[in-house]
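Analysis of the macromolecular model
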Amino acid sequence: MRGVKAVADEIIVDLANRYRTDDSTIAERISHVLQWSVPAAGSGVQAKVENGLQTLSGQVEWDHQRAKIAQQVRHVAGIKGLVSLIVSRRAAPFPRI
């Protein structure tokens with residue numbers, strides 16, 4: 001989509017009490033994912049966790065980096081939802097058909 005600067009994805013999951021994890025543990029897990037899974041792209045991204053809902057913000061160079069970060073942190077145990085406010089500075093060019 002030409003001209004798109006940001007995408008917000010919202011996914012909400014309600015967990016039973018025995019599966020809930022406190023926000024500080026979730027934030028630590030997200031930090032590890034950003035450091036180890038996508039280190040270069042993740043350096044410009046901040047994560048905030050509130051009541052199990054994680055919000056990612058910041059900038060990355062390419063759109064595929066934004067998508068990869070959101071894909072990786074979705075798998076963090078204990079989250080109820082994800083809002084990705086990450087902005088990419090450059091979008092991949094669309095091939096001409």
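Notes on the structure in this doc start here.

As for the overall build of the protein
For the protein, the count of helices and strands is three helices and four strands. From first element to last, N terminus to C terminus, the protein shows the α and β order β-α-α-β-β-α-β. Relative to its full complement of 97 residues, the protein shows a buried share of 29%. Put simply, of all contacts in the protein between residues at least 6 apart along the chain, 72% involve residues at least 24 apart. Accessible area of the protein: about 6700 Å², with a carbon and sulfur share of 54%.

Quick notes on the packing of helix H1 (residues 23–36) against helix H3 (residues 63–73)
It is the contact of H1 with H3, at a shortest axis distance of 10 Å, that shows an interaxial angle of 140°. As the angle between them shows, H1 and H3 are arranged oblique. Where H1 crosses over H3, the handedness of that crossing is right-handed. Mapping the contact onto sequence places Ile30, Val33 and Leu34 in H1 and Ile69, Gln72 and Val73 in H3. Residues that form the contact of H1 with H3 fall into these classes: five nonpolar, one polar and no charged.

Focus on H1
If you check H1, its first and last C-alpha atoms are 20 Å apart, about what 14 residues at 1.5 Å a residue would give, namely 20 Å. Residues Ile26, Ile30, Val33 and Leu34 constitute the buried set of H1. Buried residues of H1, viewed axially, fall in a sector of 95°; they line one side. Within H1, the exposed residues directed more than 90 degrees away from the buried face are Ser24 and Trp36.

Concerning the pairing of strand E4 (residues 81–90)
If a strand is regular, its side chains alternate between the two faces of the sheet. Pairing analysis gives nine bridges linking strand E3 (residues 53–62) to E4, with the strands arranged parallel. Looking at E4, one finds that leucine 53 is bridged to glycine 81. A crossover connection joins E3 to the parallel E4 through H3; in handedness this β-α-β unit is right-handed.

Conventions adopted
Residues numbered from 1 in each chain as written. Predicted model: local features only at pLDDT ≥ 70, side-chain atom pairs only at ≥ 80, totals over all residues. Heavy atoms only, no water. Helix = DSSP H or I, 4+ residues; strand = E, 2+ residues; numbered from the N terminus. Buried < 20%, exposed > 50% of the residue type's maximum accessible area, 1.4 Å probe, protein only. Contact = heavy atoms within 4.5 Å. Areas by Shrake-Rupley, 256 points an atom, 1.4 Å probe, with all protein chains shown as cover. Axes fitted to C-alpha atoms, helices over the stretch in contact; angles between N-to-C directions. Parallel < 35°, antiparallel > 145°, perpendicular 65-115°, else oblique. Left-handed = near helix turned anticlockwise from the far one by under 90°. Nonpolar A, V, L, I, M, F, W, Y, C, P; charged D, E, K, R; others polar. Expected span 1.5 Å × (residues − 1). Arc of directions from axis to C-beta. Pairing = 2+ DSSP bridges. Right-handed = clockwise from strand over helix to strand, strands pointing away.

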